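Architecture and fold: a report
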Amino acid sequence: MNNHTLLIIEDEVDILELLEYTLQKEGFETIGFLTVSKKAYEVLDEEDIDLILMDRNLPGMEGTTFINDIKSKGYTTPVIYVSAKDKDEDILEGFDKHADDYITKPFNLKELTARVKAVIKRTKKDVEVEKIKDITYKRSSKSFYIEDCKIELTTLEHDLLLEFFKNKDILLSREHLLNTVWEDSFEKKLKTVNVAVKRLKSKIDSTGDKKYIKSVRGEGYMFC
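Residues numbered from 1 in each chain as written. Predicted model: local features only at pLDDT ≥ 70, side-chain atom pairs only at ≥ 80, totals over all residues. Heavy atoms only, no water.

Let's shift gears to the nonpolar core. Of all hydrophobic cores here, the largest spans 26 residues; its most connected members are Phe164, Ile204, Ile213 and Phe223. Mapped onto this core, the elements with two or more residues apiece are β9 (135-138), β10 (143-146), α6 (155-166), α7 (174-181), α8 (190-207) and β13 (220-223). In this view, Phe164 contacts Leu172, Leu177, Val197, Leu200, Ile213, Tyr221 and Phe223; residues no more than four positions away in its chain are not counted. Leu7, Ile52, Ile67 and Tyr75 belong to the second-largest nonpolar core, a separate cluster that totals 19 residues. (Core = buried A, V, L, I, M, F, W, Y, C linked by side-chain atoms within 4.5 Å. Buried < 20%, exposed > 50% of the residue type's maximum accessible area, 1.4 Å probe, protein only. Helix = DSSP H or I, 4+ residues; strand = E, 2+ residues; numbered from the N terminus. Contact = heavy atoms within 4.5 Å.)

On to the pattern of salt bridges, then. All chains considered together, the criterion is met by 13 salt bridges. Note that Lys117 and Glu26 form a salt bridge whose closest N and O atoms lie 2.8 Å from each other. With Lys117 in helix α5 (residues 109-124) and Glu26 in the loop between α1 (13-25) and β2 (29-33), this pair connects stretches of sequence that are 91 residues apart. For Glu26, a relative accessible area of 35% translates into the label partly exposed. With its nearest N and O atoms 3.6 Å apart, the salt bridge here joins Asp55 to Lys105. Taken together, the residues Asp55 in the loop between β3 (51-54) and β4 (57-58) and Lys105 in the loop between β7 (101-104) and α5 connect sequence positions 50 residues apart. (Salt bridge = Lys/Arg side-chain N within 4 Å of Asp/Glu carboxyl O.)

Helix α3 (residues 63-72) packs onto helix α2 (residues 38-46) with a crossing angle of 40° between their chain directions and a minimal axis gap of 12 Å. Crossing angle aside, the handedness with which α2 passes α3 is right-handed. On α3, the residues that touch Ala40, Tyr41 and Leu44 of α2 are Phe66, Asp69 and Ile70. Tallied by class, the residues present in the contact of α2 with α3 amount to 5 nonpolar, no polar and 1 charged. (Axes fitted to C-alpha atoms, helices over the stretch in contact; angles between N-to-C directions. Left-handed = near helix turned anticlockwise from the far one by under 90°. Nonpolar A, V, L, I, M, F, W, Y, C, P; charged D, E, K, R; others polar.)

With that settled, the discussion passes to the packing of aromatic side chains. Throughout the structure, instances matching the rule amount to 8 aromatic pairs. Each ring, one from Phe144 and one from Phe165, has its centre 5.4 Å from the other, and the planes form 75°; the classification is edge-to-face. Taken as a pair, Phe144 in strand β10 and Phe165 in helix α6 lie far apart in primary sequence, 21 residues in all. By the burial criterion, Phe144 is buried, and Phe165 matches it. A centroid spacing of 6.2 Å and a plane angle of 15° characterise the contact between Tyr212 and Phe223, whose relative ring orientation is stacked. Placement of Tyr212 in the loop between α8 and β12 (213-216) and of Phe223 in strand β13 is noted, with a sequence separation of 11 residues between them. Each member of the pair Tyr212 and Phe223 is classed as buried. (Phe/Tyr/Trp six-rings, centres within 6.5 Å; stacked < 30°, edge-to-face > 60°.)

This is the structure:
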């Protein structure tokens, strides 16, 4: 699972459905619109959008106009234009107007998917602060906060919470956690995970009003 959400604005129904189907199969969540509307702006305010796939030929609006507008308002969401405008000057104009990549129609689905992943990977490296619910992670200090209160964690608890943070709403097995968090994972017993998660839960659940880590009997844990 990629655990990333894409906003797709494409005025051709068949292409929009094809993009959503293909990218959802790759593990992405998608929110699609056939034109720019008030709801598109609301999605940017309400959802954690990782990338925008933007058509340029939209009813009543050039796609770059919408992107210029949201960029002027401070949105830093990366953008890929997917457009039939395929002349060199069109592509250069796209990059001048905030494109992180530019894909011309008709496109190869595998190439498009690869380029979506590449842009997200490249731009995510620059994100200093990530937030899920009331918990904030600051990369520079490698610290977690609930509201403005720093959560005091051991190195193991930090690595464990970071793994949950990167996989929000995904069920993680104990074996997965052993393999990713513990260096000598396969020499550890499963109860080691249970103890570590219990200690982590006691710290983050007692700091705020919400419950963050859900135990799924016989399966593992989910950060939600």
